[in-house]
Amino acid sequence: MGIRFSEIHTLPTTFFIKVFKGLYDNVSNNTHVGAHLAILTAIRDVCKLAVKELTSWVIYSEEERKFNKDITVGLIRSELLNLTEYNVHMAKLIDGGRNSMSKE
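Residues numbered from 1 in each chain as written. Predicted model: local features only at pLDDT ≥ 70, side-chain atom pairs only at ≥ 80, totals over all residues. Heavy atoms only, no water.

**Points about the nonpolar core**
- Judged by nonpolar contacts, the single largest core of 20 residues is most densely connected at Leu23, Tyr24, Leu40, Val58 and Leu75.
- Contributing elements (two or more residues each) for this core: helix 1 (10-23), helix 2 (30-46), helix 3 (50-59), helix 5 (69-77) and helix 6 (83-94).
- Aside from chain neighbours lying at most four places away, what touches leucine 23 is His32, Val33, His36, Leu37, Leu40, Ile71 and Leu75. (Core = buried A, V, L, I, M, F, W, Y, C linked by side-chain atoms within 4.5 Å. Buried < 20%, exposed > 50% of the residue type's maximum accessible area, 1.4 Å probe, protein only. Helix = DSSP H or I, 4+ residues; strand = E, 2+ residues; numbered from the N terminus. Contact = heavy atoms within 4.5 Å.)

Structural data, given as structure tokens:
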């Protein structure tokens, strides 16, 4: 039993999603986070849509992920987020200083 040709295009996307979700599995372990960021960076280097997808996933994640400073800074430093899109979204969330989590 092998992989059907029609399933081949979904394998990289499935792997990409698993790595992104795994990034948040052990946020207190710097080695774990660093390894996942390195894998996402390698994927970004071969997939033009990686940054766009990651940016959307972070923007539309639940607050626990969206406001995880360490991981978000890691994603920014690794050039894995579209900063323009991310900044526009965060500016909306700050809502004139009324959203304390986004201000941090």
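**Side note on the environment of valine 33**
- With respect to the helices, strands and loops of the structure, valine 33 is situated in helix 2.
- For valine 33 and glycine 74, which are 41 residues apart along the polypeptide, the C-alpha to C-alpha distance reads 8.4 Å.
- With residues up to four places along the chain from it excluded, the contact list for valine 33 reads Leu23, Asn26, Val27 and Ile71.

**Overview of the pattern of salt bridges**
- Following the criterion strictly, the structure yields two salt bridges and no others.
- Between arginine 44 and aspartate 45 there is a salt bridge, with its nearest N and O atoms 2.8 Å apart.
- Here glutamate 62 and arginine 65 are joined by a salt bridge, their closest N and O atoms 3.3 Å apart.
- Judged by its relative accessible area of 19%, arginine 65 falls in the buried class. (Salt bridge = Lys/Arg side-chain N within 4 Å of Asp/Glu carboxyl O.)

**Description of the side chain of threonine 72**
- As for its position among the elements, threonine 72 is in helix 5.
- Not counting residues within four places of it along the chain, the set of residues in contact with threonine 72 comprises Arg65, Lys66, Leu81 and Tyr86.

**Looking at the environment of lysine 52**
- Tracing the chain through its elements places lysine 52 in helix 3.
- Residue classification places lysine 52 among the exposed positions, given a relative accessible area of 52%.
- C-alpha separation for the pair lysine 52 and asparagine 82, spaced 30 residues apart in sequence, amounts to 6.6 Å.

**Examining the packing of helix 3 against helix 6**
- Orientation of helix 3 relative to helix 6, taken along the N-to-C sense of each, is 15°, at an axis distance of 10 Å. When the axes of helix 3 and helix 6 are compared, the pair comes out roughly parallel. Judged by the sense of rotation from one axis to the other, the crossing of helix 3 with helix 6 is right-handed. Of the residues in helix 6, those in contact with Thr55, Ser56, Val58 and Ile59 of helix 3 are Glu85, Tyr86 and His89.
- Its residues placed into classes, the contact of helix 3 with helix 6 shows three nonpolar, three polar and one charged. (Axes fitted to C-alpha atoms, helices over the stretch in contact; angles between N-to-C directions. Parallel < 35°, antiparallel > 145°, perpendicular 65-115°, else oblique. Left-handed = near helix turned anticlockwise from the far one by under 90°. Nonpolar A, V, L, I, M, F, W, Y, C, P; charged D, E, K, R; others polar.)

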